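Architecture at a glance
So the chains spell out like this:
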Amino acid sequence: MFTFTKSVLDQLFIYLLLIGLGKTVLTNLLFAFGWRGGKIFPAIFASAAIGLSLAVVLPYTPGLLVATVVAVSCTVIVAQPYVTATLLLFLFPIQFFPVILLACLASHRIQKMLIK
């Protein structure tokens, strides 16, 4: 993923978006065929690709944008905002942690409101 992120700003928005969506579709297809594995790390890669595609369009703070997209998508999957924020603490710079925690808590609250 490190080599992927080094050359990302040279890629097209649609290319990065298709990588993220394609990874999501392929992961779900493999789960349907009985593939055994986790959901978190494919979700982190797919949401990072989608976040990077948004960073191409909105290049203000690409790292923060990617961290927020990854935090929201992983919180939706895991449904435990503090666990997700703690996991992402090891993947993103410490300065992003307050925004990651807020994104996790907000997405969890919105998800709970939509389910009820």
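Conventions adopted
Residues numbered from 1 in each chain as written. Predicted model: local features only at pLDDT ≥ 70, side-chain atom pairs only at ≥ 80, totals over all residues. Heavy atoms only, no water. Phe/Tyr/Trp six-rings, centres within 6.5 Å; stacked < 30°, edge-to-face > 60°. Buried < 20%, exposed > 50% of the residue type's maximum accessible area, 1.4 Å probe, protein only. Axes fitted to C-alpha atoms, helices over the stretch in contact; angles between N-to-C directions. Helix = DSSP H or I, 4+ residues; strand = E, 2+ residues; numbered from the N terminus. Parallel < 35°, antiparallel > 145°, perpendicular 65-115°, else oblique. Left-handed = near helix turned anticlockwise from the far one by under 90°. Contact = heavy atoms within 4.5 Å. Nonpolar A, V, L, I, M, F, W, Y, C, P; charged D, E, K, R; others polar.

Let's shift gears to the packing of aromatic side chains. For the structure on display, the rule yields one aromatic pair. Measuring from centroid to centroid gives 5.2 Å for Phe31 and Trp35, while their planes differ by 40 degrees, and the two rings are tilted. In this structure Phe31 comes out as partly exposed when scored by relative accessible area, which is 23%.

A few words now on the packing of helix α5 (residues 81-89) against helix α6 (residues 97-115). Where α5 meets α6, the closest approach of the two axes is 9 Å, and the angle between their N-to-C directions is 150 degrees. The angle between α5 and α6 places the two elements in the roughly antiparallel class. As α5 runs across α6, the sense of the crossing is right-handed. From α5, Pro81, Tyr82, Thr84, Ala85, Leu88 and Leu89 reach across to α6, where they touch Phe97, Ile100, Leu101, Cys104, Leu105 and His108. Residue composition of the contact of α5 with α6, grouped by class: 10 nonpolar, two polar and no charged.

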